Amino acid sequence: MASAADSPSSIVEYFGGENGYRCGYCKNVTGNLSHGMWAHSMTVQDYQDLIDRGWRRSGKYVYKPIMNQTCCPQYTIRCQPLHFQPSKSHKKVLKKMLKFLVKGDTSKVAGDVTEEPMDYPGEDAVAHSFVLKNVSDISQSELKSLSVDQTERVETEEDNEDEKMKKEVIVKNVESEPLQTCEDRDNAVSCEPSDSAKLVHTTPKPGKGADLSKPPCRKAKEIRKERKLQKLLQNQTHTLEGPPSQVEPQVLLSQNSKSKANQSKSIEDFIFALLPDDATHQLEVRLVPVSFEDPQFKSSFSQSATLFAKYQMAIHKDTPSECGEYEFTRFLCDSPLEAEKPPNGPDCGYGSFHQQYWLDGKIIAVGVIDILPYCVSSVYLYYEPDYTFLSLGVYSALREIAFTRQLHEKASELCYYYMGFYIHSCPKMRYKGQYRPSDLLCPETYVWVPIEQCLPTLEHSKYCRFNQDLKAVDEGCIKELGRVRVLHKRIVMPYSIYKKRRKGTSDEASVQQYASLVGQTCSERMLLFRS
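In what follows, the accompanying structure is described. (Residues numbered from 1 in each chain as written. Predicted model: local features only at pLDDT ≥ 70, side-chain atom pairs only at ≥ 80, totals over all residues. Heavy atoms only, no water.)

1. Points about the nonpolar core
Met37, Tyr382 and Tyr514 are the most contacted members of the largest nonpolar core, which has 102 residues in total. For this core, the element with the highest residue contribution is helix 10 (residues 392–410), accounting for 9 residues. Excluding anything up to four places from it in sequence, Tyr382 contacts Ser304, Leu307, Phe308, Tyr311, Phe328, Leu332, His354, Ala365, Val366 and Val368. Formed by 8 residues, the second largest nonpolar core is a distinct cluster that contains Cys72, Ile423, Cys426 and Tyr431. (Core = buried A, V, L, I, M, F, W, Y, C linked by side-chain atoms within 4.5 Å. Buried < 20%, exposed > 50% of the residue type's maximum accessible area, 1.4 Å probe, protein only. Helix = DSSP H or I, 4+ residues; strand = E, 2+ residues; numbered from the N terminus. Contact = heavy atoms within 4.5 Å.)

Spelled out as structure tokens, the structure:
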């Protein structure tokens, strides 16, 4: 036995999970079921091991959905930043931010909605409320859920003019005739004129449409494409063997395709692009430790809390009393994680942080993250509603993926980006699967499985065991209950000793449930508080 003050340890109170509460996804009044515990303090390694067993925190409250019973099973999802490739819709968001910073462009791209949805990978923390007053008052029935808005629709149209041009089959000399092609898109469009077009053969009356006796008007985009193709033809014909007449268009397109593939831009190319001296706006991202002892955190607290309240009221329809400074502090500033700065870790250390997005000297968004030994774990995002046109949810997620890559350069084991929970049974929550490659955590054996292998089974059942090895079991399951560490009257002891000293009814069933959920390793490291 030892004193609790000998070395830093996680101290938790377990509360079970018998009572159901309202689901923030399907709105079932009592369908959301989870186990929960209050973390008075927690080491980053313990929290890393817990989220690798399906746990997640909201403030100091740490919870784990009862996967085979809850109305909307929530699967832990992680992205692999070292292999991440942005999709076309991701690049559109990055380009939109660049245009805004350089030119002040506030226009929306095709597919944008009037009000940007909550599309950040950390929003599921809102499924747990801020109403807990203190640790003795905690119970599942006191939790309520906030609404979760729709996610931004993924756009599939091509946004790269060069890629479009590569798909075209050119058989005419661009110098002698206007370029007329059919674009190869995901949904093929016939080159044949439509019925309505076939019916129009006469010169229309003034003011009734285009004059078909004259050359058709061409979009500036098409003209630019023609010029690029013409330049490509000229350049390529001088470098290939033989006269220009012997060069096959397919060869040109193939070579162009290879060169473009080698020049594919990464998210860093967009995020860290140098802005011109006359750029309209300046964006700065600051990483601030969540600590009132930190000068930057303390000086920006009031502005950050005001932004949080504005966001909650506009996006989640909270009342002012539901998102004041007290609620903000308890939800996004009170963290159980103990900050650590090991010599082989990242320069910023491990713990809880706010990534503040400063635009022209004003905070417009804050991403709340935990930096752990093996990952960056997203917690929440709140932003200025007036900037929804920038798709800040997607943009901040891409920034955090790039940030994970940066941290990996110093801490080689830190190579994952945890996006919270993936909820396939709620269609508007499936967007997290768009950050590829990514994995889902098997709820029974706690092994990671590529999401592509999981989706077919999720289409047939909302609860699934992803591990296809039917003989596989939870390797971290509890094996010796007596080895569970207990904190009783400020003395650390194994449960086998505490059990003999305990007076009153047995609590063995509760301790057994706790140990089975946190696993043998954490149960032997963390301190389970017993009164």
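Read on, since the account is not over.
2. Section: the sheet that holds strand 12 (residues 438–441)
Here we have 8 strands laid out as an open sheet, ordered 7-8-9-10-11-6-12-13, and mixed in their pairing. Because the sheet does not close on itself, it has two edges, and the strands there are strand 7 (283–289) and strand 13 (448–450). Here the strands of the sheet are splayed against their neighbours by 30 degrees on average, with no regard to which way each runs. Here helix 9 (residues 325–333) sits on the sheet and contacts strand 8 (351–359), strand 9 (362–371) and strand 10 (375–383); the angle it forms with strand 10, its principal contact strand, is near 160 degrees. (Pairing = 2+ DSSP bridges. Axes fitted to C-alpha atoms, helices over the stretch in contact; angles between N-to-C directions.)

3. A few points about the packing of helix 8 (residues 295–315) against helix 9
Orientation of helix 8 relative to helix 9, taken along the N-to-C sense of each, is 110 degrees, at an axis distance of 10 Å. Taken together, the axis directions place helix 8 and helix 9 in an arrangement best described as roughly perpendicular. Judged by residue contacts, Phe297, Phe301, Ser302, Ser304, Ala305 and Phe308 of helix 8 engage Glu325, Phe328, Thr329, Phe331, Leu332 and Cys333 from helix 9. Counted by class, the contact of helix 8 with helix 9 contains 8 nonpolar, 3 polar and 1 charged residues. (Parallel < 35°, antiparallel > 145°, perpendicular 65-115°, else oblique. Nonpolar A, V, L, I, M, F, W, Y, C, P; charged D, E, K, R; others polar.)

4. Here we look at the packing of aromatic side chains
This structure, assessed with the given rule, holds 22 aromatic pairs. Taking the centre distance of 6.4 Å and the plane angle of 20 degrees together, the rings of Phe84 and Tyr435 count as stacked. In this pair, Phe84 sits in the loop between strand 6 (75–79) and helix 2 (88–103) while Tyr435 sits in the loop between strand 11 (416–422) and strand 12, placing the two residues 351 residues apart along the sequence. Grouping residues by exposure puts Phe84 and Tyr435 together as buried. Measuring from ring centre to ring centre gives 6.0 Å for Tyr387 and Phe389, while their planes differ by 40 degrees; the resulting arrangement is tilted. Neither Tyr387 nor Phe389 differs from the other in exposure class; each is buried. Among the aromatic residues, those joined into a ring-pair cluster are Phe292, Phe297, Phe301, Phe308, Tyr311, Phe328, Phe331, Tyr380, Tyr382 and Tyr383. The aromatic ring of Tyr416 is capped on one face by Arg78, whose charged end is 3.8 Å from the ring centroid. The ring of Trp358 has Arg286 lying over it, and the distance from NZ or CZ to the ring centre is 4.0 Å. (Phe/Tyr/Trp six-rings, centres within 6.5 Å; stacked < 30°, edge-to-face > 60°. Lys NZ or Arg CZ within 6 Å of the ring centre and 35° of its normal.)

5. Some thoughts on the pattern of salt bridges
In total, this model carries 17 salt bridges according to the counting rule given. Between Arg525 and Asp49 there is a salt bridge; the shortest N-O distance is 2.5 Å. Linking Arg525 in helix 13 (residues 508–525) with Asp49 in helix 1 (residues 44–51), this pair joins segments that are 476 residues apart in sequence. The partner of Lys410 in a salt bridge is Asp347, and the shortest N-O contact between them spans 3.0 Å. Taken together, the residues span a long stretch of sequence, with Lys410 in helix 10 and Asp347 in the loop between helix 9 and strand 8 at a distance of 63 residues. Each member of the salt-bridge network shares a partner with another, and the members are Asp46, Asp49 and Arg525. (Salt bridge = Lys/Arg side-chain N within 4 Å of Asp/Glu carboxyl O.)

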